[in-house]
Amino acid sequence: MQLARTLVRPYRSPGLPAWASELIDAVCADAGVEPPAVVRWRRRGGVHASGVTRPTIGVLSVSAGSDELDARLTLLHELAHWIGPRPHRTRRRVAHHDRAFYLRAFPLYGAHGIPDAEALAREGGRYPSSLRHAIVVGVPGASAALAARRTLLQEGRKPWRVVVAEHRVRLGREGRWTVCVTCGARVVGVQLARLRRRRTAARHVLYARA
């Protein structure tokens, strides 16, 4: 990822661990790109880490929890964003975690100390679609991880039950929300616009998981 212009002064947080600094330099050198001009690293409460990359201004940030392996994976995840092509925003939302991204990310995880099982579990927990891409990349165990996740979702899915039988939709206000007066369900967005345009009364049923 090449930046036409660095908009901020070079800076790395004093708390940036030596291993993280070395990892940033190594990954960028292997990819043939300049490292981020600014690397912000802070400690947060809890176990898990989070991160964000802003390529247009040359900034990579990580908030690390107590789990160092998770912090390492998070940093590698952000570096996978950094070394990739700069996203071009169009009318459609930019795809940040598509197949092209994971063709960079999963090999980085494997090359820099993240076991395949850990990468699948942690990345799949945050971004379930990553498991489908992991199969294409050829990560060992990806097919089994995807099958296990689907089984878990099926087992946890409860049947629907009718809470309020079919009734006429009567719109009213509840604070800042527009709701159906009969059942209390919020009516928003496209559905609300359609109901307001209708010349005849609409009807619906309120369902909930059993």
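Please refer to the structure placed before this passage.
The residue numbers shown here count from 1 along each chain, following its written sequence. Where totals are concerned, whole chains, interfaces and linings use all residues; where local detail is concerned, this predicted model gives features only for residues with pLDDT of at least 70, and gives and counts side-chain atom pairs only at 80 or more. In computing side-chain properties, one takes all heavy atoms of the structure into account and sets aside hydrogens as well as water.

Asker: Break down the overall build of the protein chain for me, citing the residues and quoting the values.
Answerer: Helix and strand assignments follow DSSP, with helices taken as H or I runs no shorter than four residues and strands as E runs no shorter than two, numbered in order from the N terminus. Scanning the protein chain from N- to C-terminus turns up 7 helices and 8 strands. Throughout, radius of gyration means the C-alpha value; the globule benchmark is 2.2 Å times the number of residues raised to the power 0.38. Over its C-alpha trace the protein chain gives a radius of gyration of 23 Å, far above what one expects of a compact globule, namely 17 Å for 210 residues. If you line up the protein chain on its principal axes, its C-alpha atoms span 65 × 40 × 35 Å. To sort residues, take the accessible area from a 1.4 Å probe on protein chains only and compare it with the maximum for the residue type: under 20% means buried, over 50% means exposed, and anything in between is partly exposed. Within the span of the protein chain, comprising 210 residues, buried residues form 36% of the whole. When checking whether two residues touch, look at their non-hydrogen atoms; a contact exists if any pair is within 4.5 Å. Counting contacts in the protein chain only where the partners sit at least 6 residues apart, residues at least 24 apart contribute 54% of the total. A total of about 13100 Å² of accessible surface is found on the protein chain, and carbon and sulfur atoms cover 52% of it. Across the protein chain, the centroid of the 36 positively charged side chains sits 17 Å from that of the 15 negatively charged ones. Only the protein chains shown count as cover for residues, with accessible areas throughout obtained via the Shrake-Rupley method and a probe of 1.4 Å. When charges are tallied, Lys and Arg are placed among the positive residues and Asp and Glu among the negative ones, while His and the ends of the chain are skipped. For the purpose of locating charges, the reference atoms are NZ of Lys, CZ of Arg, CG of Asp and CD of Glu.

Asker: Which residues make up the sheet that holds strand S1 (residues 11-12), and what values do they have?
Answerer: We treat two strands as partners when DSSP finds at least two bridges between them. Strand order in the open sheet formed by 4 strands is S1-S2-S4-S3, and the pairing between neighbours is mixed. Two strands bound the open sheet, and with one partner strand each, they are S1 and strand S3 (50-54). Of the strand pairs in this sheet, S3 and strand S4 (residues 59-64) are connected by 5 bridges, and their pairing is antiparallel. Residue Ser 50 lies in a different strand from S4, and its bridge partner there is Ser 63.

Asker: Tell me what's going on with the packing of aromatic side chains, and back it up with residues and numbers.
Answerer: Each pair of aromatic rings taken from Phe, Tyr and Trp, with Trp reduced to its six-membered ring, is defined by centres within 6.5 Å and is described as stacked if the planes are under 30 degrees apart, edge-to-face if over 60, and tilted in the remaining cases. All told, the structure shown has 4 aromatic pairs when counted by the stated rule. Between Trp 19 and Trp 41, the ring centres sit 5.7 Å apart and the planes meet at 90 degrees, which makes this aromatic pair edge-to-face. Taken as a pair, Trp 19 in helix H1 (residues 18-31) and Trp 41 in strand S2 (residues 38-43) lie far apart in primary sequence, 22 residues in all. Relative accessible area serves as the criterion here: at 7%, Trp 41 is assigned to the buried category. A centroid spacing of 4.9 Å and a plane angle of 80 degrees characterise the contact between Phe 101 and Tyr 102, whose relative ring orientation is edge-to-face. The structure contains a cluster of three or more aromatic residues connected by ring pairs, namely Phe 101, Tyr 102, Phe 106 and Tyr 109.

Asker: An account of the nonpolar core is needed here, citing residue identities and associated values.
Answerer: With 35 residues, the main nonpolar core has Trp 41, Leu 75, Leu 79, Phe 106 and Tyr 109 as its most contacted residues. Among the elements of the structure, H1, S2, S4, helix H2 (68-83), helix H3 (99-111), helix H4 (116-126), helix H5 (130-137) and helix H6 (142-156) are those that each provide at least two residues to this core. Top element by residues in this core is H2. It accounts for 8 residues. Once you skip the residues sitting within four places of it in the chain, Trp 41 turns out to touch Ser 13, Gly 15, Leu 16, Pro 17, Trp 19, Ala 20, Val 62, Ala 64, Ala 71 and Leu 75. As used here, the term nonpolar core means buried Ala, Val, Leu, Ile, Met, Phe, Trp, Tyr and Cys residues forming a set that is joined through side-chain atoms within 4.5 Å.

Asker: Residue-level account of the environment of Pro 35, with values.
Answerer: Position of Pro 35 among the secondary structure elements: in the loop between H1 and S2. Sequence-wise, Pro 35 and Ala 80 are 45 residues apart; in three dimensions their C-alpha atoms are separated by 12 Å. Setting aside chain neighbours within four positions, we find Pro 35 in contact with Arg 12, Ile 24, Asp 25, Cys 28 and Trp 82.

Asker: Summarise the environment of Val 47; cite the residues concerned and give the values.
Answerer: With respect to the secondary-structure elements, Val 47 resides in the loop between S2 and S3. A C-alpha to C-alpha distance of 8.8 Å links Val 47 and Glu 68, two positions 21 residues apart in sequence. Setting aside residues up to four positions removed in sequence, Val 47 forms contacts with Gly 65, Ser 66 and Asp 67.

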